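Descriptive structure summary
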Amino acid sequence: QTERLLKMTLEERRKEYLGDYVALKTIPTWMEDLKSKSESDGENAKEDLQGKKSLSEKVSLYRGDITLLEVDAIVNAGRWLNIL
């Protein structure tokens, strides 16, 4: 089953989904979210953008049902954090 899915294009995979899904491209990055807030908040939010670019351009925050995300895997690392 895994090999079959890996060989599929994104469009072919989407035909296999049983219900609704959330495409990752629809979730703004942290930077995009900060920029949209800076437009409404003014100068204070612009200061928050400085020095955070490298991480904030790679990270997205999502609130919602993670089982609907269009991802290859969902991993719970909580148990490992208890060991550290």
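Because the structure is predicted, anything quoted here is derived from the model rather than measured.

Criteria and thresholds
- Residues numbered from 1 in each chain as written.
- Predicted model: local features only at pLDDT ≥ 70, side-chain atom pairs only at ≥ 80, totals over all residues.
- Heavy atoms only, no water.
- Salt bridge = Lys/Arg side-chain N within 4 Å of Asp/Glu carboxyl O.
- Helix = DSSP H or I, 4+ residues; strand = E, 2+ residues; numbered from the N terminus.
- Buried < 20%, exposed > 50% of the residue type's maximum accessible area, 1.4 Å probe, protein only.
- Patch = residues over 30% accessible without salt bridge, like charges linked within 9 Å, V, L, I, M, F, W, Y side chains within 5 Å.
- Areas by Shrake-Rupley, 256 points an atom, 1.4 Å probe, with all protein chains shown as cover.
- pLDDT = per-residue confidence, 0-100.
- Phe/Tyr/Trp six-rings, centres within 6.5 Å; stacked < 30°, edge-to-face > 60°.
- Polar contact = N/O pair within 3.5 Å; in protein donor to acceptor, adjacent residues only side chain to side chain.
- Contact = heavy atoms within 4.5 Å.

**Brief notes about the pattern of salt bridges**
Overall, the coordinates contain two salt bridges when judged by the stated rule. The closest approach of N and O atoms between Arg4 and Glu16, which form a salt bridge, is 3.4 Å. Placement of Arg4 in helix 1 (residues 2-7) and of Glu16 in helix 2 (residues 10-16) is noted, with a sequence separation of twelve residues between them. Judged by relative accessible area, Arg4 falls into the partly exposed class, the value being 36%. Between Glu70 and Arg14 there is a salt bridge whose closest N-O contact spans 2.8 Å. Highlighted residues: Glu70 in the loop between helix 5 (53-56) and helix 6 (78-83) and Arg14 in helix 2, separated in sequence by 56 residues. A relative accessible area of 13% places Glu70 in the buried class. For Arg14, a relative accessible area of 24% puts it in the partly exposed group.

**What to know about a nonpolar patch on the surface**
Together, Leu24, Ile66, Val71 and Ile74 make up a nonpolar patch on the protein surface, roughly 320 Å² of accessible area in all. Mapped onto the elements of the fold, Ile66 is located in the loop between helix 5 and helix 6.

**What about the confidence of the model for the chain?**
Segments scoring low in pLDDT should not have their predicted coordinates read at a detailed level. Here the chain averages 78 in pLDDT, while 75% of its residues score no lower than 70. Helix 4 (residues 43-49) is the least confidently modelled element of the chain, averaging 53 in pLDDT, while helix 2 averages 89, the highest of any element.

**Overview of the packing of aromatic side chains**
Applying the stated criterion to the full structure yields one aromatic pair. Measuring from centroid to centroid gives 5.0 Å for Tyr17 and Tyr21, while their planes differ by 65 degrees, and the two rings are edge-to-face. Here Tyr21 falls in the partly exposed class, since its relative accessible area comes to 35%.

**Quick notes on the side chain of Glu70**
A distance of 2.8 Å separates polar atoms of two side chains, one belonging to Glu70 and the other to Arg14. At 2.9 Å, the side chain of Glu70 and the side chain of Tyr17 are in polar contact. The contacts of Glu70, once residues within four sequence positions are left out, are Leu10, Arg14, Tyr17, Tyr21, Val22, Ala23 and Leu24.

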